[in-house]
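A look at the structure
Read off the chains here:
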Amino acid sequence: MTAMSRRHVGRLLAVTVVSWATAGTAYATEPQSVVFTGRDGVEVTGSLYLPDRQPAPAVVLLPMMGRSRADWDMTAQKLAEAGIAALAIDFRRNGGSRLGADGAGTGDYSDLVIDGDAARAYLASRPDISAGRIGMMGASIGASVAVLSAASDPQVRSLALLSPSLEYRGLRIEQPLRKYASRPALLVVSSEDPYALRSARAMVSMGDGARELRVLSGAGHGTVMLSRDPDLSSALVDWFLRTLL
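Residues numbered from 1 in each chain as written. Predicted model: local features only at pLDDT ≥ 70, side-chain atom pairs only at ≥ 80, totals over all residues. Heavy atoms only, no water.

1. Looking at the pairing of strand β9 (residues 185-190)
This is how the line gets drawn: Exposure categories follow from relative accessible area, calculated using a 1.4 Å probe and restricted to protein chains: below 20% of the type maximum is buried, above 50% is exposed, and the middle band is partly exposed. The numbering of helices and of strands both runs from the N terminus, where a helix is a DSSP run of H or I of at least 4 residues and a strand a run of E of at least 2. Strand pairing is assigned whenever DSSP identifies at least 2 bridges connecting the two strands.
In terms of burial, β9 is largely enclosed, as six of its six residues are buried. Covered by surrounding structure in β9 are Ala 185, Leu 187 and Val 189 together with Leu 186, Val 188 and Ser 190, the residues of both alternating faces. As paired strands, β9 and strand β10 (residues 211-216) are joined by six bridges and run parallel to one another. From the neighbouring strand, Val 189 faces β10, where its bridge partner is Val 215.

2. Description of the pairing of strand β6 (residues 156-162)
Selection rule: Assignment of crossover handedness uses the view with strands pointing away from the viewer, where a clockwise path from the first strand over the helix to the second indicates a right-handed crossover.
Judged by how many residues are buried, β6 sits mostly within the fold: six of seven residues are covered. Note on the crossover from strand β5 (residues 129-139) through helix α4 (residues 141-150) to β6: the handedness is right-handed. Relative to β9, β6 is paired through four bridges, and the arrangement is parallel. Of the residues in β9, the one forming a bridge with Leu 161 is Leu 187.

3. Considering the confidence of the model for the protein
The following threshold applies: One confidence number per residue, pLDDT, is output by the predictor and ranges from 0 to 100. Residues count as neighbours in contact if any of their non-hydrogen atoms are within 4.5 Å of one another.
A residue-level look at the protein finds 83% of positions with pLDDT of 70 or above and a mean pLDDT of 87. In the model, residues 1-27 has pLDDT below 50 throughout and makes five contacts with residues more than four positions away in sequence or in other chains. This model gives residues 95-105 a pLDDT under 50, and the stretch forms 18 contacts once residues within four places in sequence are excluded.

4. As for the packing of helix α2 (residues 73-81) against helix α8 (residues 232-244)
Packed helix pairs are characterised by how far apart their axes lie and by the angle those axes make with each other. This is how it is decided: Fitting a line to C-alpha atoms yields each axis, with helices limited to the stretch in contact; the angle taken between N-to-C directions then spans 0 to 180 degrees. Angles below 35 degrees are treated as roughly parallel, those above 145 as roughly antiparallel, those between 65 and 115 as roughly perpendicular, and all remaining angles as oblique. Crossing chirality is assigned from the near helix's rotation relative to the far helix, an anticlockwise turn below a right angle marking it left-handed and a clockwise turn marking it right-handed.
For the pair α2 and α8, interaxial distance at closest approach is 9 Å and the crossing angle is 40 degrees. Classified by the angle their axes make, α2 and α8 are oblique. In terms of crossing hand, the pair formed by α2 and α8 is right-handed. Residues Thr 75, Lys 78 and Leu 79 of α2 form the contact with α8, whose participating residues are Ser 233, Ser 234, Leu 236, Val 237 and Phe 240.

5. Considering the nonpolar core
Cut-off, in case you're wondering: Grouping buried Ala, Val, Leu, Ile, Met, Phe, Trp, Tyr and Cys residues that are joined through side-chain atoms within 4.5 Å yields what is termed a nonpolar core.
Counting residues in each nonpolar core, the largest one holds 43 residues, and the members touching the most others are Phe 36, Leu 87 and Leu 159. Setting aside anything within four residues of it in sequence, one finds Leu 87 in contact with Val 34, Phe 36, Gly 46, Ser 47, Leu 48, Val 59, Val 60, Leu 61, Ala 119, Tyr 122 and Leu 123. Residues Val 59, Ala 76, Met 137 and Phe 240 belong to the second largest nonpolar core, which totals 27 residues.

6. Regarding the environment of Met 65
Residue position: Met 65 is located in the loop between β3 (56-62) and α2. A relative accessible area of 24% places Met 65 in the partly exposed class. With 28 residues separating them in the primary sequence, Met 65 and Arg 93 have C-alpha atoms 8.2 Å apart.

7. Structural notes on the pattern of salt bridges
The line we're drawing: Here, a salt bridge means any Lys or Arg side-chain nitrogen found within 4 Å of an Asp or Glu carboxyl oxygen.
Counted according to the given criterion, the structure contains eleven salt bridges. Between Asp 115 and Arg 92 there is a salt bridge, and its shortest N-O distance comes to 2.7 Å. Placement of the pair is Asp 115 in helix α3 (residues 111-125) and Arg 92 in the loop between β4 (85-89) and α3, with a sequence separation of 23 residues. Each of the two residues, Asp 115 as well as Arg 92, counts as buried. Note that Arg 242 and Glu 212 form a salt bridge whose closest N and O atoms lie 3.5 Å from each other. Of this pair, Arg 242 sits in helix α8 while Glu 212 is found in strand β10, placing the two residues 30 residues apart along the sequence. What makes Arg 242 partly exposed here is its relative accessible area of 47%. The network of salt bridges with common partners includes Arg 39, Asp 117, Arg 120 and Asp 153.

So, in structure tokens, the structure goes:
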């Protein structure tokens with residue numbers, strides 16, 4: 001074999017090893033497909049990522065409008081690898097979750113809060129989840145749903161809100177966030193997202209708990225920030241490690 005051939009084979013082997021290693025880490029935690037029902041009878045579909053050690057704390061992951069739970073795949077994997085279960089759901093208007101008997105939605109987006117409540121209750125009902133150590137994380141309208149769902153449930157100990165809005169699609173969160181009171185919340189926005197930035201800055205003073213503001217640059221809106229900022233998923237995992245464990 002010539003020197004050139006040996007170099008070519010070496011490069012092929014290196015590529016093969018790297019590709020195999022990448023594929024191996026991509027499926028470190030296989031999600032379970034789960035279906036549960038909200039209090040109005042609508043089925044909600046989700047992907048549940050469980051860590052090896054149980055019972056475990058857990059985080060509900062809520063999508064932005066028009067997007068699916070797949071946006072959370074990488075973050076959910078990292079949470080599970082860190083010892084925190086993750087349940088990513090599709091809202092009834094998105095992805096796999098189904099509408100009620102009439103098969104249609106309305107302009108009232110408060111029904112999304114029922115989906116968030118159902119996800120939270122589903123986690124609390126599982127013996128492999130520590131019911132008193134649940135967090136919620138949402139993006140855009142999912143952030144609004146997270147606040148509205150968490151406000152009246154003391155089992156929700158921590159929030160992370162990506163591109164939150166004080167009012168969006170009729171969902172107002174100022175009073176619910178004050179009711180959330182002394183429990184901690186992480187607010188993540190990008191500097192070129194003006195309404196989310198104004199909302200997050202105002203939210204820092206709502207409630208008497210820790211309100212941590214993280215402002216990114218050029219990261220976009222909602223779960224788009226996860227793909228544009230390679231450090232964001234790890235920062236979110238660190239937040240829940242600090243506030244749930």
